[in-house]
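Understanding the architecture of this molecule
Spelled out from the first residue to the last, the chains are:
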Amino acid sequence: THSCLLKSQEHLQKLRKTVRDPEVVYDFYEKLKALMETSNLTDPEKNCFIFNADETGFCTDPSRLRAIGEKACISADGSCLPPLIVFKGAAVQARWTSDKSYPGTLYAASKNGWIRGATIFHVVLYILHSTCKETS
């Protein structure tokens, strides 16, 4: 079985300072290599199972400071998952979405507009379920 690691964001200044340390960098790549070997992901055909995700925030209404998070996710084989836009609120309202958005864009809502473990976990499950249906 494989597990998914969900990690909370850290303060950027602390993170930038930490990643400059060569020992931290070498340690990261040693752990990554070990994880890939134990998870049987060293075969280039399995690059589709390795993802890098990046999150950014933006505001749709300059008169209101409401944070919206967007998550972009690309696999090691170059394929992209659809964008995920997370709004601040209890639920996504239809007026927040658009037919003109990038094809496959996913929408979610969270209490503070941040992409947290539960939100991304459910979206990944949805994407994996959709992908498995397409390939079977």
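Note: the structure precedes this text.
Scope of this entry: the structure provided in the associated data block. (Residues numbered from 1 in each chain as written. Predicted model: local features only at pLDDT ≥ 70, side-chain atom pairs only at ≥ 80, totals over all residues. Heavy atoms only, no water.)

1. Considerations on the overall build of the protein
Our working definition: Segments assigned H or I by DSSP are reported as helices when at least four residues long, segments assigned E as strands when at least two residues long, and all are numbered from the N terminus. Buried, partly exposed and exposed residues are distinguished by accessible area as a fraction of the type maximum, computed with a 1.4 Å probe on protein chains only: under 20%, between the cut-offs, and over 50%, respectively. Per-residue and other accessible areas follow the Shrake-Rupley method at a 1.4 Å probe size, with only the shown protein chains counted as cover for residues.
When its secondary structure is counted, the protein shows three helices and four strands. In sequence order, the secondary structure elements of the protein are arranged as α-α-β-β-β-β-α. With 136 residues in all, the protein has 18% of them scored as buried. Total accessible area on the protein is roughly 10,900 Å²; 58% of this is exposed by carbon and sulfur atoms.

2. Structural notes on the packing of aromatic side chains
The line we're drawing: Think of it this way: a Phe, Tyr or Trp ring, Trp meaning its six-membered ring, pairs with another when their centres are within 6.5 Å, and the plane angle makes it stacked under 30 degrees, edge-to-face over 60, tilted otherwise.
Counting across every chain of the model gives three aromatic pairs. Each ring, one from Phe 28 and one from Tyr 29, has its centre 5.0 Å from the other, and the planes form 80°; the classification is edge-to-face. Residues Phe 87 and Tyr 107 carry aromatic rings whose centres are separated by 6.1 Å and whose planes lie at 20° to one another, so their mutual orientation is stacked. Placement of Phe 87 in strand E3 (residues 84-88) and of Tyr 107 in strand E4 (residues 106-110) is noted, with a sequence separation of 20 residues between them. Classification of Phe 87 as buried rests on a relative accessible area of 4%.

3. Here's the deal with the side chain of Thr 105
Here is the rule we go by: Polar contact criterion, stated in full: a pair of N or O atoms within 3.5 Å, where within protein one must be able to donate a hydrogen and the other to accept it, and residues adjacent in sequence count only if both atoms are side-chain atoms. In what follows, a contact means two residues having at least one pair of non-hydrogen atoms within 4.5 Å.
By secondary structure assignment, the location of Thr 105 is in the loop between E3 and E4. Separated by 2.6 Å, the side chain of Thr 105 and the backbone oxygen of Tyr 102 make a polar contact. The contact partners of Thr 105, leaving out residues within four places of it in the chain, are Pro 82, Pro 83 and Ile 85.

4. Brief notes about a nonpolar patch on the surface
Using the following cut-off: Patch definition: residues above 30% relative accessible area lacking any salt bridge, with like charges linked at up to 9 Å and the nonpolar side chains Val, Leu, Ile, Met, Phe, Trp and Tyr linked at up to 5 Å. Take a side-chain nitrogen of Lys or Arg and a carboxyl oxygen of Asp or Glu: if they are within 4 Å of each other, that pair is a salt bridge.
On the surface, Val 25, Tyr 26, Phe 28, Tyr 29 and Leu 32 cluster together into a nonpolar patch covering about 500 Å² of accessible area. Structurally, Val 25 can be placed in helix H2 (residues 22-38). For Val 25, a relative accessible area of 32% corresponds to the partly exposed category.

5. Considering H2
To keep it simple, the criterion reads: Helix span, as expected, comes to 1.5 Å for every residue beyond the first.
If you check H2, its first and last C-alpha atoms are 24 Å apart, about what 17 residues at 1.5 Å a residue would give, namely 24 Å. Measuring from the side-chain oxygen of the N-cap residue of H2 to the backbone nitrogen of Glu 23 gives 3.0 Å; that N-cap residue is Asp 21. Immediately downstream of H2, the backbone of Asn 40 shows phi near 60°, a positive value.

6. Side note on unusual backbone geometry
Here the phi dihedral of Asn 40 falls at roughly 60°; this positive angle occurs in a residue that is not glycine. Residue position: Asn 40 is located in the loop between H2 and strand E1 (51-58).

7. Some thoughts on the nonpolar core
Here is the rule we go by: What makes a nonpolar core is a set of buried Ala, Val, Leu, Ile, Met, Phe, Trp, Tyr and Cys residues whose side-chain atoms join them at distances within 4.5 Å.
Membership of the largest hydrophobic core is limited to seven residues, which are Leu 84, Val 86, Leu 106, Ala 108, Ile 115, Ile 120 and Val 123. Counting only elements with at least two residues in this core, the list comes to E3, E4 and helix H3 (117-135).

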